[in-house]
Amino acid sequence: MAKIDDLRTRTDDQLSAQLGELKREAFNLRFQAATNQLEKPARVREVRRDIARIMTLQNQRAVEAAAKESA
């Protein structure tokens, strides 16, 4: 599970790369759940929340950048 402090220190490119990896993992976990091969059901929740954390951080950075541009 990614901590928000760890995510804040990463660059936008690193966050985008990690987001892609997590989305791929979520896709694979959905298939495992559908075929009853899921070993850790809690991992689905962790991945979903990590994706939300990264997307929230990216959105916050975009809002801050837009505010700096308009100021």
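Every value quoted in this text rests on a predicted model; they were computed, and no experiment measured them.

### Re the overall build of the protein chain
Alright, step 1. Regarding its fold elements, the protein chain presents 3 helices and 0 strands.
Alright, step 2. For the protein chain, the α and β elements follow one another from N to C terminus as α-α-α.
Alright, step 3. A compact globule built from 71 residues would reach a C-alpha radius of gyration of about 11 Å, whereas the protein chain, at 15 Å, exceeds it by more than 25%.
Alright, step 4. In terms of its C-alpha atoms, the protein chain occupies a principal-axis envelope of roughly 55 × 20 × 15 Å.
Alright, step 5. A total of 71 residues make up the protein chain; the buried ones form 18% of that total.

### Side note on unusual backbone geometry
Alright, step 1. With a phi close to 55°, N36 is a non-glycine residue in the positive phi region.
Alright, step 2. Secondary-structure assignment places N36 in the loop between α2 (12–34) and α3 (42–70).

### Observations regarding the confidence of the model for the protein chain
Alright, step 1. Of all residues in the protein chain, 97% have pLDDT values of 70 or greater, and the mean over the chain is 95.
Alright, step 2. Confidence, expressed as mean pLDDT per element, reaches its minimum in the protein chain at helix α1 (residues 4–8) with 92 and its maximum at α2 with 97.

### Here we look at the packing of α2 against α3
Alright, step 1. One way to put it is that α2 packs onto α3 with a least axis distance of 9 Å and a crossing angle of 150°. When the interaxial angle is binned, α2 and α3 end up roughly antiparallel. Where α2 crosses over α3, the two elements pack in a sense that is left-handed. Two secondary-structure elements touch here, α2 through D12, L15, S16, Q18, L19, L22, K23, E25, A26 and L29 and α3 through R43, V44, V47, D50, I51, I54, M55, L57, Q58 and R61.

### Some details on the environment of E25
Alright, step 1. With respect to the element layout, E25 can be found in helix α2.
Alright, step 2. For the pair E25 and R48, spaced 23 residues apart in sequence, the C-alpha to C-alpha distance is 9.7 Å.
Alright, step 3. Apart from the residues lying within four places of it in its own chain, the contact partners of E25 are R43 and V47.
Alright, step 4. Here R43 takes part through its side chain, which lies 2.8 Å from a polar atom of the side chain of E25.

Cut-offs applied
- Residues numbered from 1 in each chain as written.
- Predicted model: local features only at pLDDT ≥ 70, side-chain atom pairs only at ≥ 80, totals over all residues.
- Heavy atoms only, no water.
- Helix = DSSP H or I, 4+ residues; strand = E, 2+ residues; numbered from the N terminus.
- Rg over C-alpha atoms; globule rule 2.2 N^0.38 Å.
- Buried < 20%, exposed > 50% of the residue type's maximum accessible area, 1.4 Å probe, protein only.
- pLDDT = per-residue confidence, 0-100.
- Axes fitted to C-alpha atoms, helices over the stretch in contact; angles between N-to-C directions.
- Parallel < 35°, antiparallel > 145°, perpendicular 65-115°, else oblique.
- Left-handed = near helix turned anticlockwise from the far one by under 90°.
- Contact = heavy atoms within 4.5 Å.
- Polar contact = N/O pair within 3.5 Å; in protein donor to acceptor, adjacent residues only side chain to side chain.

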